[in-house]
Amino acid sequence: MAKIKISGTDELLATLQNENLFDEDMERELLYAAGDIIVEELQRMVRNSGFRTEDYASSVKYSKTIKKDKKGYPYITITAQGKNRQGERRATVLFVLNYGRAEKYGKITGTYFWTKGVRNAQKRVDAELEKIMTQKLQERGLL
């Protein structure tokens with residue numbers, strides 16, 4: 001639904017790459033730390049969305065599979081998993097409630113709860129990743 005881009009950690013990441021310290025374990029640790037924070041925030045926002053979505057909150061999870069985009073940058077996918085009682089995908093329902101729906105399909109005014117959740121998580125993610133990378137550099141005597 002919404003993408004989050006990690007910023008503010010560019011210099012630390014460059015240092016780790018230059019020193020050949022940015023390996024798969026580090027990549028996994030950083031992505032999972034970010035995933036945990038974002039999922040926590042999204043679950044909170046889904047519960048408080050203004051719709052009856054409290055039972056959808058626990059279905060918001062991230063995939064432990066790390067993928068690479070076309071430029072080779074690693075990422076994980078965060079989505080609502082599973083289907084509701086009517087057989088509709090939870091991710092689709094939350095998408096419609098987030099962005100809204102046109103009058104001809106039954107007007108729903110979106111509240112952008114998912115989008116706001118991603119924005120709210122951004123600062124926490126940046127701070128956590130910077131903390132982890134700083135710790136790794138200190139462990140290796142580079143700071």
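Just so it is clear, the model here is predicted, and its values are computed rather than measured. (Residues numbered from 1 in each chain as written. Predicted model: local features only at pLDDT ≥ 70, side-chain atom pairs only at ≥ 80, totals over all residues. Heavy atoms only, no water.)

### Things to note about the nonpolar core
Side chains that are nonpolar tend, in soluble globular proteins, to be buried together. Membership of the largest hydrophobic core comes to 32 residues, with the highest contact counts inside it found for Val46, Val60, Ile78, Leu94 and Trp114. Those elements giving two or more residues to this core turn out to be helix H2 (24-47), strand S1 (60-62), strand S4 (78-80), helix H3 (90-99) and helix H4 (113-139). With 12 residues, the single largest contributor to this core is H2. (Core = buried A, V, L, I, M, F, W, Y, C linked by side-chain atoms within 4.5 Å. Buried < 20%, exposed > 50% of the residue type's maximum accessible area, 1.4 Å probe, protein only. Helix = DSSP H or I, 4+ residues; strand = E, 2+ residues; numbered from the N terminus.)

### Focus: the packing of aromatic side chains
According to the stated counting rule, one finds 3 aromatic pairs in the structure shown. Taking 5.9 Å as the distance between ring centres and 80 degrees as the angle between the ring planes, the aromatic pair formed by Tyr99 and Tyr112 counts as edge-to-face. Within this pair, whereas Tyr99 is found in helix H3, its partner Tyr112 is found in the loop between strand S6 (108-109) and H4, the two being separated by 13 residues in sequence. Chaining the aromatic ring pairs together yields one cluster made of Phe95, Tyr99 and Tyr112. The residue whose ring lies beneath Lys64 is Tyr32, and the NZ or CZ to ring-centre distance is 4.4 Å. Across the ring face of Tyr56, the terminal group of Arg90 is positioned such that the distance to the ring centre comes to 4.7 Å. (Phe/Tyr/Trp six-rings, centres within 6.5 Å; stacked < 30°, edge-to-face > 60°. Lys NZ or Arg CZ within 6 Å of the ring centre and 35° of its normal.)

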